[in-house]
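As a plain string of letters, each chain reads:
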Amino acid sequence: MSSASFNTSSFDNIAEPEAGACVEQTRRALLLAAIATTACLGCSTQVRAGEDLPGSDERPQKGDLLVFSEGDQEGKLVTSADLPLGGPPVHAWPKDPKTSVVRSASRLNEILIIRLDPEELDEQTRARAVDGMIAYTAICSHAGCPVTAWVKSDVGDNEVFKCMCHNSEYDPRAGAQVVFGPAPRRLAALPLALTDGSLSVAGSFIGKVGGQG
């Protein structure tokens, strides 16, 4: 019957271009997805490589330079000019001068550096200092919190390092001995030297680094 007879050629002519367009769009989408995936994989590989750099989690080594660990100067060398007499302290990481690897993979490597009047330092502390500049671990010996404050002591007139977690206080003039709070021992000390005007490590930590236990 004539009503059952259709001319399908017009439909064929329409369907084929639409199918071709769909195929092209699918190919384009797959290509873009592949490019994006490759880029992401490359980024993640770079992050992992940075985290796994040999030596980045090793304790400070003799000869390491010290670089800022925070602030506008993060990553730059700490020089004597960066340390005002009487504080406040700066926070730093050790950096291998040969490989340029910053030993920042372990928080136990963060260091407090401060400059005080050499006449205020006891004999043992003065021996580890250079021009009144002294360094200690920035990790509290009580619960392993960061030591972040430089404030007047609760038990004296001098300013001291203070851990704000449980209020432990340390006197940097006397080897960072505990003067207040629950900390069981002094902060580990790090001997310093000057290398071309920049601060460097003169020896290993003296004392245990980290919280009790």
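Just so it is clear, the structure is predicted and the values come from calculations on it, not from any experiment.

Cut-offs used in this document
Residues numbered from 1 in each chain as written. Predicted model: local features only at pLDDT ≥ 70, side-chain atom pairs only at ≥ 80, totals over all residues. Heavy atoms only, no water. Helix = DSSP H or I, 4+ residues; strand = E, 2+ residues; numbered from the N terminus. Buried < 20%, exposed > 50% of the residue type's maximum accessible area, 1.4 Å probe, protein only. Contact = heavy atoms within 4.5 Å. 1 Å grid on protein atoms, 1.4 Å probe; cavity = no way out; pocket = protein on both sides within 12 Å on 5 of 7 lines; lining within 4 Å. Points joined across faces, edges and corners; volume = space filled by probe spheres on them. Nonpolar A, V, L, I, M, F, W, Y, C, P; charged D, E, K, R; others polar.

Draft legend 1. Broad picture of the environment of Gly 197. On the secondary structure map, Gly 197 appears in the loop between strand S10 (192–195) and strand S11 (198–201). Among the residues examined, Gly 197 registers a relative accessible area of 36% and is labelled partly exposed. Excluding its chain neighbours within four sequence positions, the residues that come into contact with Gly 197 are Thr 79 and Ser 80.

Draft legend 2. Looking closely at empty space enclosed by the protein. Tallied over the full model, the rule gives one cavity of 30 Å³ or more. If you go around the largest cavity, the residues you meet are Thr 125, Arg 128, Ile 134, Ala 135, Tyr 136, Ala 189, Leu 190 and Pro 191. Of all the secondary-structure elements, those providing two or more residues to the lining of the largest cavity are helix H2 (123–128), strand S4 (133–137) and strand S9 (189–190). Of all the elements, S4 adds the most residues to the lining of the largest cavity, at three residues. Classifying every residue of the lining of the largest cavity by side-chain character gives six nonpolar, one polar and one charged.

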